[in-house]
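As a plain string of letters, each chain reads:
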Amino acid sequence: DNQYYFGRRGFYGHFDDAERFAFFSKAALELLQHIDFEPDVINCNDWQTGLLPFYLNKFYRNINDCYQHVQVVYTIHNIQYQGIFSPDIVENVLGLDWLDYAGGYIQFDNCVNFMKTGIMAASWVTTVSPTYAQEIQNAYYGHGLQTLLQQENAKLSGIINGIDYDTYNPETDPHLFKNYSLETIADKKVNKTELQKLLNLPVNPEIPMIAMVTRLVDHKGLDLVEAVLDDILYDDVQLVVLGTGDWRYEEMMREAAARYPGKVSANITFNSDLAQKIYAGADIFLMPSQSEPCGLSQMIAMRYGTIPVVRETGGLKDTVLPYISWEGKGTGFTFANYNAHDMLHVIQQAEAAYYNSEQWPVLVENAMRQDFSWNGPAREYMALYRKLTNKR
């Protein structure tokens, strides 16, 4: 416990973050000498714990038996955030020497880079989806660390995240207007019509409702939406947006709601209750991200029988199976190139499927039968831990 470092508002973004998380990493290791527990594996996450495996190897391995056989898994949730600091902190703040810096473990591009340190010092590196593990080895996604990850790829893998199936359960979710299941899927339309009333949209259970619950930023594909927004709204659809972000996109959505009364609901706020109602009430969920290490919204949408339209990147590619109408297979609609008209094309495909009384129920059933709980990822992590520790 250290109230000076951690008794503050918010977790990140303070002037002394390097010192705070160096302390945190050392504290986690020091703790093991004082509790009756010897871990087989320490699973670190992101740059904030990037120093831990390096500290373990440099200072702790041989001082106590509890450290000797510990393996470290280092998980990257988003490689864009790397913990980059001035080399001035090497000695006085991090407690290291210049040989450590010059040796290359903590130094990258003439700066201290916590994430690079974690990647190099860990026993294994995971990301939050198999596709993202491949993508970050390329320059477009790697944010400078792609060459290092290519060199370290023998200890790199991806395990998709899960969602909480108790929280995200249309049968029990207290936020819904009416609970439903696959067996009572007709009640999903009650959520749609009640949501239309709540948002002052025309009540019409037959019109396709497209939803976005997202940060309104380029990274989430809002520039694609901007390019073809009028084309999307040319069709007989309703568009419901919930989120905050760049002023430019907030204004775009407010202005669209003014130009298309009865077709657009722009909710520029954070509202978890409304988010749940949208997941349940919408028909199509739009998620055209530039990159998405894992993504949870598409999994939540499918849990509620709302069909995702996504770009084939990261966890979106791994979790949304493209719909093949003649085979009745798939759980959503996908496009590969980061292109607005490619996105528009698959939105229109989704609309066409919505109006097909034979195809849409199959799609909804396929989506709702997917298992995105933590059961699968947990088994994969346990298998990895056992592999690293030679334990069954």
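This structure is a prediction, so every number in the text was calculated from the model and none was measured. (Residues numbered from 1 in each chain as written. Predicted model: local features only at pLDDT ≥ 70, side-chain atom pairs only at ≥ 80, totals over all residues. Heavy atoms only, no water.)

J.: Even after reading the chapter, I still don't get the overall build of the protein chain, so can you show me in this structure?
T.: For the protein chain, the helix and strand inventory stands at 18 helices and 13 strands. Computed over the C-alpha atoms, the radius of gyration of the protein chain is 24 Å, within 12% of the 21 Å expected from 2.2 N^0.38 for a compact globule of 392 residues. For the protein chain, the C-alpha atoms occupy an extent of roughly 70 × 45 × 40 Å along the three principal directions. Evaluated residue by residue, the protein chain yields a buried proportion of 54% over its 392 residues. At a minimum sequence separation of 6, the contacts of the protein chain that also span at least 24 residues come to 70%. About 18,200 Å² of surface is accessible on the protein chain, with carbon and sulfur atoms providing 50% of the total. Computed over 30 positive and 48 negative side-chain charges, the inter-centroid distance for the protein chain is 3 Å. (Helix = DSSP H or I, 4+ residues; strand = E, 2+ residues; numbered from the N terminus. Rg over C-alpha atoms; globule rule 2.2 N^0.38 Å. Buried < 20%, exposed > 50% of the residue type's maximum accessible area, 1.4 Å probe, protein only. Contact = heavy atoms within 4.5 Å. Areas by Shrake-Rupley, 256 points an atom, 1.4 Å probe, with all protein chains shown as cover. Lys, Arg positive; Asp, Glu negative; His and termini not counted. Charge placed at Lys NZ, Arg CZ, Asp CG, Glu CD.)

J.: Before we go on, may I ask you to explain unusual backbone geometry in this structure?
T.: Peptide bonds are, in most cases, trans, and in most cases residues other than glycine have a negative phi. Positive phi values are uncommon outside glycine, yet Asp-109 reaches one of about 55°. Relative to the assigned elements, Asp-109 resides in the loop between β4 (107-108) and β5 (111-113). Even without glycine at this site, His-143 takes up a positive phi of about 50°. Note on placement: His-143 falls in the loop between α8 (139-142) and α9 (146-151). A relative accessible area of 40% means that His-143 is categorised as partly exposed.

J.: I keep staring at the sheet that holds β5 and nothing clicks. Help me out?
T.: Sheet strands line up and pair through hydrogen bonds in the backbone, either parallel or antiparallel. One open sheet accounts for 3 strands, arranged β3-β5-β4; its pairing is antiparallel. With partners counted over all chains shown, the strands left at the sheet margins are β3 (84-85) and β4, one partner each. In the packing of helix α6 (residues 114-121) onto the sheet, the strands contacted are β3, β4 and β5, and the crossing angle to β5 comes to about 55°. (Pairing = 2+ DSSP bridges. Axes fitted to C-alpha atoms, helices over the stretch in contact; angles between N-to-C directions.)

J.: What is the right way to look at the sheet that holds strand β11 (residues 284-287) in this model?
T.: Taken together, the 6 strands give an open sheet; going across it, the order is β10-β9-β8-β11-β12-β13, and neighbouring strands pair in parallel fashion. Edge positions in the open sheet fall to β10 (264-267) and β13 (333-335), since each of these has one partner strand only. Pairs of neighbouring strands in the sheet enclose a mean axial angle of 15°, with direction left out of account. Judged from the 3 bridges that link them, strand β12 (residues 307-311) and β13 form a sheet pairing that is parallel. Of the residues in β13, the one forming a bridge with Val-309 is Phe-333. Contacts from helix α16 (residues 340-354) reach β8 (209-213), β11, β12 and β13, with the element oriented near 165° to β13.

J.: Looking at this structure, how should I read the nonpolar core?
T.: In globular proteins that are soluble, nonpolar side chains generally tend to be buried together. Among the nonpolar cores identified, the biggest contains 72 residues, and Val-225, Phe-333 and Met-343 are the most heavily contacted of them. Excluding residues within four positions of it along the chain, Met-343 makes contact with Leu-224, Val-225, Val-228, Ile-232, Leu-286, Pro-288 and Phe-335. Listed in part, the 42 residues of the second largest apolar core include Leu-32, Val-70, Val-72 and Ile-136. (Core = buried A, V, L, I, M, F, W, Y, C linked by side-chain atoms within 4.5 Å.)

J.: Mind showing me how you'd approach the pattern of salt bridges here?
T.: Proximity of charged atoms lets side chains of opposite charge pair with each other. On inspection of all chains with the given rule, the structure shows 18 salt bridges. One salt bridge in this structure joins Asp-100 and Lys-58, with 3.2 Å as the shortest N-O distance. With Asp-100 in helix α5 (residues 98-102) and Lys-58 in helix α3 (residues 52-60), this pair connects stretches of sequence that are 42 residues apart. Asp-100 sits in the buried class, given a relative accessible area of 11%. Among the salt bridges present, the one from Asp-187 reaches Lys-178, with a minimum N-O distance of 3.3 Å. Residue class for Lys-178 comes out partly exposed when judged on its relative accessible area of 37%. Within the structure, one salt-bridge network assembled from shared partners comprises Lys-58, Asp-97 and Asp-100. (Salt bridge = Lys/Arg side-chain N within 4 Å of Asp/Glu carboxyl O.)

J.: Even after reading the chapter, I still don't get the packing of α3 against α6, so can you show me in this structure?
T.: What describes two packed helices is the angle between their axes and the distance between those same axes. Relative orientation of the contacting elements α3 and α6 amounts to 55°, with a least axis distance of 7 Å. Classified by the angle their axes make, α3 and α6 are oblique. Contact residues: Pro-53, Phe-54 and Asn-57 in α3; Thr-117, Gly-118 and Ala-121 in α6. Residue composition of the contact of α3 with α6, grouped by class: 3 nonpolar, 3 polar and no charged. (Parallel < 35°, antiparallel > 145°, perpendicular 65-115°, else oblique. Nonpolar A, V, L, I, M, F, W, Y, C, P; charged D, E, K, R; others polar.)

J.: Got a minute to help me understand the packing of aromatic side chains in this structure?
T.: Centre-to-centre distance and the angle between the planes together describe a pair of aromatic rings. Using the criterion set out here, one finds 24 aromatic pairs in the structure. The rings of Tyr-4, Tyr-5, Phe-6, Phe-11, Tyr-12, Phe-21, Phe-23, Phe-24, Trp-47, Phe-85 and Phe-114 are connected pair by pair, giving a single aromatic cluster. If you follow Lys-26 out to its NZ or CZ, it ends over the ring of Phe-59, 4.9 Å from the centre. Directly above the ring of Tyr-165 sits Arg-303, whose terminal nitrogen or CZ lies 3.7 Å from the centroid. (Phe/Tyr/Trp six-rings, centres within 6.5 Å; stacked < 30°, edge-to-face > 60°. Lys NZ or Arg CZ within 6 Å of the ring centre and 35° of its normal.)

J.: So what exactly am I meant to see when it comes to the environment of Val-70 here?
T.: Here Val-70 lies in the loop between α4 (65-68) and β2 (71-76). Residues Val-70 and Leu-388, 318 residues apart in the sequence, show an inter-C-alpha distance of 9.5 Å. Not counting chain neighbours up to four residues away, the residues in contact with Val-70 comprise Pro-39, Asp-40, Ile-42, Leu-56 and Arg-61.

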